[in-house]
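Examination of the molecular architecture
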Amino acid sequence: MRCRICGAPLKKPGDICSNCYKEYQEDENLKKDVKEIYKLKRKYSIAYELLKYMGLILIFFICIIVFFFGKAFLEGVLTILLFLITLGVLLFLDKRIAVGTQATFYEKKVVYRFHFWFLKREKIVKYKDITDISYYQTFRQKRMGYGDLCIYARGNIPGATLLNGFQVKNVENVKEVLQTLKEMLQTNEN
Ligand SMILES: [Zn+2]
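Just so we're clear, the structure is a prediction, and the values are computed from it rather than from any experiment.

1. Considerations on the overall build of the protein chain
- For the protein chain, the helix and strand inventory stands at 7 helices and 7 strands.
- Sequence-ordered secondary structure for the protein chain, helices as α and strands as β, is α-β-α-α-α-β-β-β-β-α-β-α-β-α.
- Relative to the 2.2 N^0.38 estimate, which gives 16 Å for 190 residues, the radius of gyration of the protein chain is 24 Å and therefore markedly larger than a compact globule would have.
- Its C-alpha atoms give the protein chain principal-axis dimensions of roughly 90 × 35 × 30 Å.
- Looking at the protein chain as a whole, 33% of its 190 residues qualify as buried.
- Carbon and sulfur atoms provide 60% of the accessible area of the protein chain, an area that totals close to 12700 Å².
- Here the protein chain contributes 31 positively and 19 negatively charged side chains, and the mean placements of these two sets differ by 2 Å.

As structure tokens, this is what we get:
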């Protein structure tokens, strides 16, 4: 007699070995875990986005001023139009990405979801596989209290702890959020 799933020889008659049974039960328990405890979102703020594109905005302004000084009014107006369209598209894309990103924390697992037009990704990380949580901040993010929150997880690929986990960018009040998550994971461990 051999295990139906992994092929290990069975000592007692049956379908599957004790290892596979344990894994199966774990998966079943994980599926039943649907009570939402916490939601992590990517913040979208116009002020922050404008700050991010400050360099681009400056370049456009310089161009517009140069055109008007050189009495190239048509070019000046076209540059303004191009500027508004570019900025509009960038802000729109950022908004779509922010709305489509979220991580939902349940009792035993966290589910990361990313949805952007036809692109759809979902990743389930068990709490017991999480090895570390931390955040990164650029100078700009620090001023707003934002940060990129990283959840590292062990998995099948050695050394790829972030690849097995995920990252949510521009989390608001990232310091407090990190503390909340750490406390939550401690109480909900295993
Ligand atoms: Zn087995």
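Having put the structure on the table, let's press on.
2. Observations concerning the coordination of the zinc ion
- Each protein donor to the zinc ion is listed here as C3 (SG), C6 (SG), C17 (SG) and C20 (SG); together their distances run 2.2 to 2.3 Å.
- Considering all 4 donor atoms around the zinc ion, angles at the metal cover 107 to 113° and the coordination shape is tetrahedral.
- Coordination of the zinc ion draws on donor residues from a single chain, spaced C-x2-C-x10-C-x2-C in sequence. Here C6, found in the segment before α1 (18–32), pairs with C17, found in the segment before α1; they are 11 residues apart in sequence, far enough to count as distant.
- According to the relative accessible area criterion, C17 is buried, its value standing at 10%.

3. Notes on the side chain of Q141
- Structurally, the position occupied by Q141 is in helix α5 (residues 139–144).
- Among the residues examined, Q141 registers a relative accessible area of 3% and is labelled buried.
- Not counting the four nearest positions on each side in its chain, Q141 is found in contact with Y48, Y136, Y146, G147, D148 and N170.

Scoring rules and cut-offs
Residues numbered from 1 in each chain as written. Predicted model: local features only at pLDDT ≥ 70, side-chain atom pairs only at ≥ 80, totals over all residues. Heavy atoms only, no water. Helix = DSSP H or I, 4+ residues; strand = E, 2+ residues; numbered from the N terminus. Rg over C-alpha atoms; globule rule 2.2 N^0.38 Å. Buried < 20%, exposed > 50% of the residue type's maximum accessible area, 1.4 Å probe, protein only. Areas by Shrake-Rupley, 256 points an atom, 1.4 Å probe, with all protein chains shown as cover. Lys, Arg positive; Asp, Glu negative; His and termini not counted. Charge placed at Lys NZ, Arg CZ, Asp CG, Glu CD. Donors = N, O, S within 2.8 Å, 3.2 Å for Na, K, Ca; no water. Tetrahedral: all angles 85-135°; square planar, octahedral: opposite > 155°, others 65-115°. Contact = heavy atoms within 4.5 Å.

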